[in-house]
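Remarks on the overall topology
Spelled out from the first residue to the last, the chains are:
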Amino acid sequence: MATSNGKRQVEDLHLRNLTKKFGELAAVDDLTLTIPAGSFFALLGASGCGKTTTLRMVAGLEDPTSGTISIGDKDITDLRAFERPVNTVFQSYALFPHLDIFENVAFGLRRRGVKDVTKQVEQILDLVELSPMARRKPTQLSGGQQQRVAVARALINQPDVLLLDEPLGALDLKLRRQMQIELKRIQTEVGTTFVHVTHDQEEAMTMADTVAVMNAGHIEQMGHPADIYELPRTVFVANFLGQSNLFQGQKSGMSGDDVVVSAHAQNFTLPTDRSFAGGNSVIVGARPEKMRVLDEVDAHQIPEHHNRISGRVTDVSYMGVSTQYLVMTPWEQEVIVFEQNVVVGDRCEVGDPVVVHWSPKHTFGLDGSSGTNVGVDPEVLALEAVNQALAADIAEA
Amino acid sequence: MAHVVPTAGVSASPSVVAQRRSRTGYVLLLPGMAWLAIFFAIPLVTLFATSLQSPVEGKTGRYQPGFQFSNYSDAIAQYWPQFLRSFLYAGVATVLALVIAYPLAYFIAFKAGRWRSLMLVLVVAPSFASFLLRTYAWKTILADESPITRFLNTLHLLPDGRILNTWIAVVAGLTYNFLPFMILPLYAALEKIDPRLIEAAGDLYASPRKAFWRITWPLSMPGVVAGTLLTFIPAAGDYINAQLLGSAKNRMIGNAIQTNFIEFRDYPTASALSFILMAAILVLVFTYIRRAGTEDLV
């Protein structure tokens, strides 16, 4: 199975029309997806979006209602979990508490009748840097160490696909960062296809070379993390992956190669190839760090072709690397802007009349029929509502 | 609790507080210790003293303090078959109870879902009726004319043509009566097992059968040990089942003790038998726990 460079020849994982229904609810809805061999693939989505169900179907722990799963040309849909060339790193690690680390790691090999496991176990424990812990019990290890045992226990079987179910969820922030790098290193070293399920967008973006954003049982958008981030194709992705400022508008015409959208009596332009709106209803968007805030008196400095919105600063938070501005537009929408702290001093202050501007190249157009709130954390929405009510009360008083 | 400790010089120093606190612990132990002393330690000493008494010449049922160790050898010489039978019956009943209880406890723990509580209540429910009453009921169930006996007889499965008054009835009664003591600890142990461990075993190429023997069974070991002990110990000392369901050939050591105490008024022999039974069970239990290696689990 091993090729000369130590990496294994692996094949693509194909999901075709995969559907899983729990009663009436389709947890996974007609999912078709190819995960290239040797890639680090992340399924990103909020809880309940179907990502874990998808993973469990690939692992064989859940039967699909319909559709097929195959690795290369081999259909594994009807194979039971223990017959599949797939291993899982479970969310809670699921290490066997009565076996020591060595036996935990050797478990898969022993079940497949491998007689001499010592060398392989030692090798994989070396890879995850846990050799001195071989004779300890799982409970004697720290969270990060247990996590690495779980990875080693799965990887030693040289699976065609390694599934990781929120593998870093139980670790604290610092350790999680460390393990992200560690996992990426291990993946590069062994060359196995990693399918990683997470709700943490940062985790998905740092590790994966392909991210699929999942929502309500289907994939909203898939691609390289940077591509998805820079050019979201749906409102859900724009809101779920990072933050976006979105303005509901109507397509009003063309200007050369650019689409012109009118929203709130303002015109915004964006390149045709950055617009994914089917009809005339368009949501115009831009990422907060692509926007600049300029005092109204300096507005003449803004390049002619830039999109712009005037407003009033309502909040300034200095965050070290950047400063976060909240700017209230005349139509009472809060725009969020991240300014790099390149220049010392000379920041705008609360109450200043300002102009927010950004390049059309950083603008994207989305289908306007869904509204601008899809994919925003419901808690954030609730908080915003409270804030608005409070602001209204204060204004009255 | 750190805030309770007063600053030095204001009132008691921390060491005094600590002392007082540890004294509180002992005070709280008192009721339990008193209970143990009055109802366990003192009777045990009395029992031991009785077991060494010698008969008063010419007066049956009267004994005087002494050190008649021959009471023990005499008791063993006379009652070794009853001892053997007790451990044999209790052993068979324990194994049977384990075989019956394990699948049931497994089902309740992993598959019963919302019926779980109801099933547990059903397991315990028979205990609401008296032990004696239930054993009498078995007399009817296993009687020669009962449907069960007739059915088994048509299959020619019964060597003596009957169940009642044979060892089968005694073992059946013991198994039935102590079954809840097997099911409950097994359930408690199985219920603690994370089902994801079994999924993980499946993910690591273990067939359901292998996953059971490699993961579920070893992890349920504390329950198996507790259940077998809770079944074996009372079953070995029981005399009701042998008396009501068995014949004279099926008498257990509990019957011997009872007869000696109540009928023959031979208190020293009865006491010696009780002591031997206790010692034998202690030895058996310790060997068993050593073998099962429970301290290595969990």
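All values reported here derive from a predicted model rather than from experimental measurement. (Residues numbered from 1 in each chain as written. Chains lettered and ligands numbered in written order. Predicted model: local features only at pLDDT ≥ 70, side-chain atom pairs only at ≥ 80, totals over all residues.)

All names here are of chain A. Overall, mixed pairing links the six strands, which are arranged S6-S7-S8-S3-S9-S10 in an open sheet. One side of each edge strand has no neighbouring strand; the edge strands of this open sheet are strand S6 (86-89) and strand S10 (218-223). Each neighbouring strand pair of the sheet contributes to a mean axis angle of 20°, computed without reference to strand direction. Here strand S3 (residues 40-44) pairs with strand S8 (residues 193-198) via five bridges, running parallel. The residue of S8 that forms the bridge with Ala 42 is His 196. (Pairing = 2+ DSSP bridges. Helix = DSSP H or I, 4+ residues; strand = E, 2+ residues; numbered from the N terminus. Axes fitted to C-alpha atoms, helices over the stretch in contact; angles between N-to-C directions.)

So, about the interface of chain B and chain A. Listed as interface residues are 16 residues of chain B and, on the opposing side, 16 residues of chain A. Of all the secondary-structure elements, those providing two or more residues to the side of chain B that touches chain A are helix H7 (195-203) and helix H8 (208-237) of chain B. Element by element, the count of residues in the side of chain B that touches chain A is highest for H7(B), at six residues. Among the residues forming the side of chain B that touches chain A, the class breakdown is nine nonpolar, two polar and five charged. (Contact = placed C-beta atoms within 7 Å. Nonpolar A, V, L, I, M, F, W, Y, C, P; charged D, E, K, R; others polar.)

Often the size quoted for an interface is simply the accessible area lost on bringing the parts together. Residues and elements named next belong to chain B. Here chain B is described as being made up of domain 1 (2-51) and domain 2 (71-296). Inter-centroid distance (C-alpha atoms) of domain 1 to domain 2 is 38 Å. Each side of the interface is counted separately: domain 1 has four residues, and domain 2 has seven residues. When its residues are assigned to classes, the side of domain 1 that touches domain 2 shows two nonpolar, two polar and no charged. (Domains from an automatic or database assignment.)

A word on the packing of helix H2 (residues 70-110) of chain B against H8(B). Residues and elements named next belong to chain B. Between H2 and H8, whose axes approach to 9 Å, the crossing angle comes to 145°. Both H2 and H8 take part in a crossing whose hand is right-handed. Of H8, the residues touching H2 (which contributes Ser 86, Phe 87, Ala 90, Gly 91, Ala 93, Thr 94, Ala 97, Leu 98 and Ala 101) are Val 224, Gly 227, Thr 228, Thr 231, Phe 232, Ala 235 and Ala 236. For the contact of H2 with H8, a count of residues per class yields ten nonpolar, six polar and no charged. (Left-handed = near helix turned anticlockwise from the far one by under 90°.)

Our next topic: the sheet that holds strand S17 (residues 322-328) of chain A. In sheet architecture, strand pairing relies on hydrogen bonds along the backbone and comes in two forms, parallel and antiparallel. All names here are of chain A. Reading across from one edge, S15-S19-S16-S17-S18 is the order of the five strands in this open sheet, with antiparallel pairing throughout. Of all the strands in the sheet, just strand S15 (292-295) and strand S18 (334-340) have a single pairing partner and so form its edges. Taking each pair of neighbouring strands and ignoring which way they run, the sheet shows an average axis angle of 45°.

Further remarks concern helix H2 (residues 101-111) of chain A. Residue and element names in this part refer to chain A. Across the eleven residues that make up H2, a large majority, eight, are buried. In this structure, the buried side of H2 is in contact with S6, helix H3 (118-127) and helix H4 (143-155). Phi turns positive, to about 80°, at Gly 113, one or two residues after H2. (Buried ≥ 20, exposed ≤ 12 C-beta atoms within 10 Å, placed from the backbone.)

Residues and elements named next belong to chain A. Direction of pairing for strand S16 (residues 307-318) relative to S17: antiparallel, over a ladder of six bridges. Bridge pairing in S17 links Ser 317 to Gln 324. Between S16 and S17, which pair antiparallel in sequence order, lie three residues; one of them, Gly 320, sits at a positive phi of approximately 85°. With seven bridges joining them, S17 and S18 adopt antiparallel strand pairing.

It is worth spelling out the pairing of strand S19 (residues 353-358) of chain A at this point. Residue and element names in this part refer to chain A. For S19, a buried count of five out of six residues is recorded, marking the element as mostly surrounded by other parts of the structure. Where S15 and S19 come together, four bridges link them in antiparallel fashion. Opposite Leu 294, over in S19, you have Val 355 as the bridge partner. Sheet topology note: the S16/S19 ladder contains six bridges and is antiparallel. Within S19, the residue paired with Gly 311 across the bridge is Val 354.

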